[in-house]
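Spelled out, the chains give:
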Amino acid sequence: MTRLALAVVVFVVPMTALAQSETCDPTQLFRSPVPNDTGFGPIFVATRDLDRDEDVDLVVANLGDNTVVVLLNDGDGGFSIGNRYGVAEGATSVAIGDLNGDGRPDIAVASNRDDAIGVLLNNGDGTFADAMSYDAGRASGSVVIADLDGDGDRDLAVANAVSDDISILFNDGDGTFAPQVRVVAGDQPNTIAAAELDGDGDTDLAIANSTGRTAGVLLNNGDGTFAPEVEYRVGRFPWSIAIGDLDDDGDPDVVVSTLTNDSLHVLLNEGDGTFAPEQEYEVGDSPRSVAIGDIDGDLHVDLVVGNAISGDIGVLINNGDGTFAPQVLYDVGLDPESVAIGDLNDDGNQDVVVAILNEELNVLLNQCVPLCRVDLDGDGEATVFDFFEFLNLFDAGSPRADFDGDGSLTLFDFIDFQKDFDDGCS
């Protein structure tokens, strides 16, 4: 959808709506966790609207029975198992994105025991075709979906821990993939993330090098090849990595969890794909997963971390400048391996879902009363100028424009923005 197409609708809405001034108590953000059965060994969870009903659904990788499970949203944040799909041995990570250009989100799954990537194409209704398997490197534990060569098709990038490299699988345009191209990485890259980091319009990669004590950044040359990795020191045993604009300067920043240090490490982008020295934040025991989202509704993204040994999630509220308050803990059960964020019950708040290894999936619905979501220019009111700000954010690919919480920017975000504006913020 083009910016022009959005702008045509701006002036058909009221010019002003009331705004709220309440802030959320960080100790009272969530209702009690609601368990959901997924199968044996849920280790990773991702959120996206899979069946095009405008509700955010869930995809879970089960390590114990080598399956991917789809949980469809009933519209109120309750879930039922759709279908279960067999994949290669050692399913550890999933990514969601449109791989065959039909406008429907597909699934890629990394299986670290079989060194393989499975691709499941969406049939259009939240059911999926059987997995197509592609070779990756040794211990392929993490996968992301992004257009890496600038041809408009979404490719795959895979972190291979044992072979110390990244597999790049270029899309042939129809959701099938060319054989992998290997790119040298750091010491045992465990997790991978993708974003445009240096302002040149190409998608770059960041990895957590688990035995190298570093976060690595690989800048795209523009054609899906990458400059040599630049490493940034973080704590011992980096495990999970996420990318988001933490300080509201328009540049994506990086956050890494480190298992041995029991901490998060924030690397703020200097604007050109280089990063300032780490800022370290204490979290719980053995932080296995970190996610980025606006949890308290103040228009600044926060951090959520799953602490495996202490059996809780930590929420670190953004102070508004890319620094964070001390974590507030919520019990979820022993061994939370993966956390994901999304508006699961369509109330405008960002909720959290947690994969508890060998047990279940826990859904924590947010009970916060946020600031006015549509007051994007921060003047305390919702006016027509917020529509212009939405257009700017949408055009820039900012996560602040992701009003339906599905992790991508589409027509549905504009529809949700206009709906929220029309409803007011009283």
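Refer to the structure above for everything that follows.
Residues numbered from 1 in each chain as written. Predicted model: local features only at pLDDT ≥ 70, side-chain atom pairs only at ≥ 80, totals over all residues. Heavy atoms only, no water.

Colleague: When you look at helix H2 (residues 384-396) in this model, what are you seeing that I'm missing?
Modeller: In an α-helix there are 3.6 residues to a turn, and that puts residues three or four apart on one side. Taking 1.5 Å as the rise per residue, H2 with 13 residues should run 18 Å; its terminal C-alpha atoms sit 19 Å apart, in good agreement. The complete set of buried residues in H2 reads Val-384, Asp-386, Phe-387, Phe-390, Leu-391, Leu-393 and Phe-394. Angular distribution of buried residues about the axis of H2 spans 170°; they occupy a single face of the element. Turned more than 90 degrees off the buried face of H2, the exposed positions are Phe-385, Asp-395 and Ala-396. At the C-terminal side of H2, Gly-397 shows a positive phi close to 75°. (Helix = DSSP H or I, 4+ residues; strand = E, 2+ residues; numbered from the N terminus. Expected span 1.5 Å × (residues − 1). Buried < 20%, exposed > 50% of the residue type's maximum accessible area, 1.4 Å probe, protein only. Arc of directions from axis to C-beta.)

Colleague: Can you walk me through the packing of aromatic side chains in this structure?
Modeller: Given two aromatic rings, one states the distance between the centres and the angle between the planes to describe the pair. On inspection of all chains with the given rule, the structure shows 13 aromatic pairs. Between the aromatic rings of Phe-30 and Tyr-330, the centroid separation amounts to 5.1 Å while the plane-to-plane angle is 85°, which identifies the pairing as edge-to-face. Taken as a pair, Phe-30 in the loop between strand E1 (16-17) and strand E2 (34-36) and Tyr-330 in strand E26 (residues 328-331) lie far apart in primary sequence, 300 residues in all. Judged by its relative accessible area of 7%, Phe-30 falls in the buried class. A centroid spacing of 5.9 Å and a plane angle of 75° characterise the contact between Phe-390 and Phe-403, whose relative ring orientation is edge-to-face. Here Phe-390, found in helix H2, pairs with Phe-403, found in the loop between H2 and helix H3 (411-423); they are 13 residues apart in sequence, far enough to count as distant. Comparing Phe-390 with Phe-403 shows no difference in burial state: the two are buried. (Phe/Tyr/Trp six-rings, centres within 6.5 Å; stacked < 30°, edge-to-face > 60°.)

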